[in-house]
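# Residue-level structural notes
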Number of protein chains: 2
Amino acid sequence: MVKQVRAARTRQALVRAAAEAFAHDGYARASLPAISRRAGVSAGALHFHFPSKDALAGEIESAAASMVEELTAHCRSTGGSALGALVAAIRRLVVAFAADPVMRAGFALSGDSARDGGTAVLDVWHGWVRDVVGRAQETGELTDDVSPESVAGAVVAATVGFEVLGGRDQDWLTTEGMVEFWACLLPRLAAVPGPPDLARVLEAEATGDRGAENSMAGL
Amino acid sequence: MVKQVRAARTRQALVRAAAEAFAHDGYARASLPAISRRAGVSAGALHFHFPSKDALAGEIESAAASMVEELTAHCRSTGGSALGALVAAIRRLVVAFAADPVMRAGFALSGDSARDGGTAVLDVWHGWVRDVVGRAQETGELTDDVSPESVAGAVVAATVGFEVLGGRDQDWLTTEGMVEFWACLLPRLAAVPGPPDLARVLEAEATGDRGAENSMAGL
């Protein structure tokens, strides 16, 4: 049992170290010895858990995809406005980019055309955004003169770009400009002035992450 | 003279081949022999023009930065609405992503955190977008309740994301969803219903690239 806990911790340390190494050196240049050194784990232990760099990348992608699923499920479960859920999810994603190298590496790997991998993380995120915008259309929340597909495309493209720009300049992840922008924009795409709970979600988000956590849990 | 023309052509072929190789294999993995083969040029000729892969990357970035400068200067010179110029520039950039591997590679290199390079292309694009949105604010074109910095940030993040997503799936570059979205969105950020020339620019853009070229030249 103790052994299993230790193995899970080692595995987690390796995933995190790999995510940091990929962010710093790029997937192609990051080396397995550098990753095991960063994790404080022997080369043998790394090989025991992950036979290849590609296996590490796959684990990062699947961890990030799970985080996106959890984050979006939480935002959807708050009920009420679909556009409100979208704004809340964008904000949580941006906070995760700043705080969690695995989330950022998952997005980067998923968008890396040089890697013969899946696009799991992007697919999960794009799928959810498409669904929630579609829901906004069905319920008459979305204005008629914009297509749900193009709103979803712009949101996904912007979040991908945010992750890329944040890798070069942390200011992109600390300033809340983009979140502020979407929080301003999405209600403008609403067919009618947002329902009361949209206003509440936006207000909750604006009070900061901890505040948002609490307010949203109470919705 | 003939020799100079040939040298310029060889240089151009190498830059294009390198851009394609970077897009296909990533900067770190693309090899100089593969680039010279792709360009149909000897290894010696490649080395004569570009002593290193980094020199090739620098040339791509500076070519892409010049193209962005040209494209934005053209959109600004059409006069009239600042938001109209922004919509026109976004459209032209997306068309360039689809048509020109050098433009796409320039953006990708500029955003690649694993490369110790400049951020020339992104700096030029972000600087112009910031200027034009600032101009919209000064002239009272932009609504009061959104900050110019956050509009500029979202536009730049979305264009970067569009390039990344287009690298994995060409549909992102052929569908006009994102352009449609910005063309719909930006007038919504206008303080007052757009001035007549904004409507004309949007209409011109909607008639297709060649149509837009003609209409805009005539503005």
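Residues numbered from 1 in each chain as written. Chains lettered and ligands numbered in written order. Predicted model: local features only at pLDDT ≥ 70, side-chain atom pairs only at ≥ 80, totals over all residues. Heavy atoms only, no water.

## Some remarks on the overall build of chain A
Helix and strand counts for chain A stand at 12 helices and 0 strands. When the helices and strands of chain A are placed in sequence order, the string is α-α-α-α-α-α-α-α-α-α-α-α. Out of the 219 residues belonging to chain A, those deemed buried represent 50%. Contacts spanning at least 24 positions in sequence make up 69% of the contacts within chain A whose residues lie at least 6 apart. By element, 53% of the accessible surface of chain A is carried by carbon and sulfur atoms, the whole surface being about 9600 Å². (Helix = DSSP H or I, 4+ residues; strand = E, 2+ residues; numbered from the N terminus. Buried < 20%, exposed > 50% of the residue type's maximum accessible area, 1.4 Å probe, protein only. Contact = heavy atoms within 4.5 Å. Areas by Shrake-Rupley, 256 points an atom, 1.4 Å probe, with all protein chains shown as cover.)

## Quick word on the relation of the copies chain A and chain B
The transform that puts chain A on chain B rotates by 180° and translates by 0.0 Å along the axis, for an RMSD of 0.0 Å. Interpreted geometrically, this transformation is the action of a two-fold axis. A shared interface surface links the copies, since 100% of the contact residues of chain A are contact residues in chain B too. (Least-squares fit on C-alpha atoms with pLDDT ≥ 70 in both.)

## Re the interface of chain A and chain B
Every contact between the two is made by 47 residues of chain A and, on the other side, 47 residues of chain B. Taken together, the connections running from chain A to chain B amount to 0 salt bridges. For the pair chain A and chain B, the number of links is 0 residue pairs in polar contact (both at pLDDT 80 or more). Among the elements of the structure, α1 (2–25), α6 (101–111), α7 (120–138), α8 (148–168) and α10 (177–188) of chain A are those that each provide at least two residues to the side of chain A that touches chain B. For the side of chain A that touches chain B, a count of residues per class yields 23 nonpolar, 16 polar and 8 charged. (Salt bridge = Lys/Arg side-chain N within 4 Å of Asp/Glu carboxyl O. Polar contact = N/O pair within 3.5 Å; in protein donor to acceptor, adjacent residues only side chain to side chain. Nonpolar A, V, L, I, M, F, W, Y, C, P; charged D, E, K, R; others polar.)

## A word on the side chain of A:Glu163
Residues and elements named next belong to chain A. With respect to the secondary-structure elements, Glu 163 resides in helix α8. For Glu 163, which is buried and forms no salt bridge, the nearest opposite charge comes from Arg 104, at a distance of 4.1 Å. Beyond its immediate sequence surroundings of up to four residues, Glu 163 is in contact with Phe 97, Arg 104, Phe 107 and Ala 108. (Lys, Arg positive; Asp, Glu negative; His and termini not counted.)

## A word on the packing of aromatic side chains
Residue and element names in this part refer to chain A. This structure, assessed with the given rule, holds 8 aromatic pairs over all chains. Judged by centre distance (5.1 Å) and plane angle (75°), the rings of Phe 22 and Tyr 27 are edge-to-face. In this pair, the class of Phe 22 matches that of Tyr 27, namely buried. Both rings, one in Phe 97 and one in Phe 107, keep their centres 5.0 Å apart while their planes meet at 90°; by these two values the pair is edge-to-face. (Phe/Tyr/Trp six-rings, centres within 6.5 Å; stacked < 30°, edge-to-face > 60°.)

## Quick look at the pattern of salt bridges
Under the criterion given, the structure shown has 8 salt bridges over all chains. Residue A:Arg11 pairs with A:Glu59 through a salt bridge whose shortest N-O separation is 3.1 Å. Taken together, the residues A:Arg11 in helix α1 and A:Glu59 in helix α4 (residues 53–77) connect sequence positions 48 residues apart. Residue classification places A:Glu59 among the partly exposed positions, given a relative accessible area of 26%. The residue B:Arg16 makes a salt bridge to B:Glu20 at a minimum N-O spacing of 3.5 Å. Remark: B:Glu20 and B:Arg16 occur in helix α1 (residues 2–25); sequence separation between them is 4 residues, near one turn of the helix. Because the salt bridges share partners, they merge into one network encompassing A:Arg16, A:Glu20 and A:Arg38.

## Thoughts on the confidence of the model for chain A
All names here are of chain A. Considering every residue of chain A, the mean pLDDT works out to 81; 79% of them sit at 70 or more. Looking at the elements of chain A, mean pLDDT is at its lowest for helix α12 (residues 209–217), recorded as 39, and at its highest for helix α2 (residues 32–39), recorded as 95. Across residues 208–219 the pLDDT falls below 50, and counting only partners more than four positions away or on other chains, this stretch makes 19 contacts in the model. The ipTM, which scores confidence in the relative placement of chains, is 0.80 for this predicted complex, and the corresponding pTM is 0.82. (pLDDT = per-residue confidence, 0-100.)

## Here we look at α7(A)
Counted at 1.5 Å a residue, the expected span for α7(A) with its 19 residues is 27 Å, and the 27 Å between its end C-alpha atoms agrees. Directly beyond the C-terminal end of α7(A), a positive phi value near 75° is found at A:Gly140. (Expected span 1.5 Å × (residues − 1).)

## Considerations on empty space enclosed by the protein
Gaps left between atoms show up when a probe the size of a water molecule is rolled over them. Tallied over the entire structure, the rule returns 1 cavity of 30 Å³ or more. By volume, the largest cavity is sized at about 900 Å³. Around the largest cavity, the lining is made up of 40 residues, and of these A:Ala108, A:Asp112, B:Ala108, B:Gly111 and B:Asp112 lie nearest the centre. Contributions of two or more residues to the lining of the largest cavity are made by α1, α6 and α8 of chain A together with α1, α6 (101–111) and α8 (148–168) of chain B. Grouping the amino acids of the lining of the largest cavity by side-chain chemistry returns 22 nonpolar, 8 polar and 10 charged. (1 Å grid on protein atoms, 1.4 Å probe; cavity = no way out; pocket = protein on both sides within 12 Å on 5 of 7 lines; lining within 4 Å. Points joined across faces, edges and corners; volume = space filled by probe spheres on them.)

## Description of the environment of A:Ala120
All names here are of chain A. Tracing the backbone through its elements, the reader meets Ala 120 in helix α7. By relative accessible area, Ala 120 is classed as partly exposed at 34%. Between the C-alpha atom of Ala 120 and that of Leu 86, which follows or precedes it by 34 residues, the distance is 20 Å. Those residues in contact with Ala 120 that lie beyond four places of it in its chain are Glu 61 and Ser 110.

## A word on the packing of helix α5 (residues 82–99) of chain B against α6(B)
Think of two packed helices as two axes; the pair is described by the angle between the axes and how far apart they sit. All names here are of chain B. Between α5 and α6, whose axes approach to 5 Å, the crossing angle comes to 105°. Taken together, the axis directions place α5 and α6 in an arrangement best described as roughly perpendicular. Contacts from Leu 93, Ala 96, Phe 97 and Ala 99 of α5 reach α6 at Pro 101, Met 103, Arg 104 and Phe 107. Class assignment for the residues of the contact of α5 with α6 results in 7 nonpolar, no polar and 1 charged. (Axes fitted to C-alpha atoms, helices over the stretch in contact; angles between N-to-C directions. Parallel < 35°, antiparallel > 145°, perpendicular 65-115°, else oblique.)

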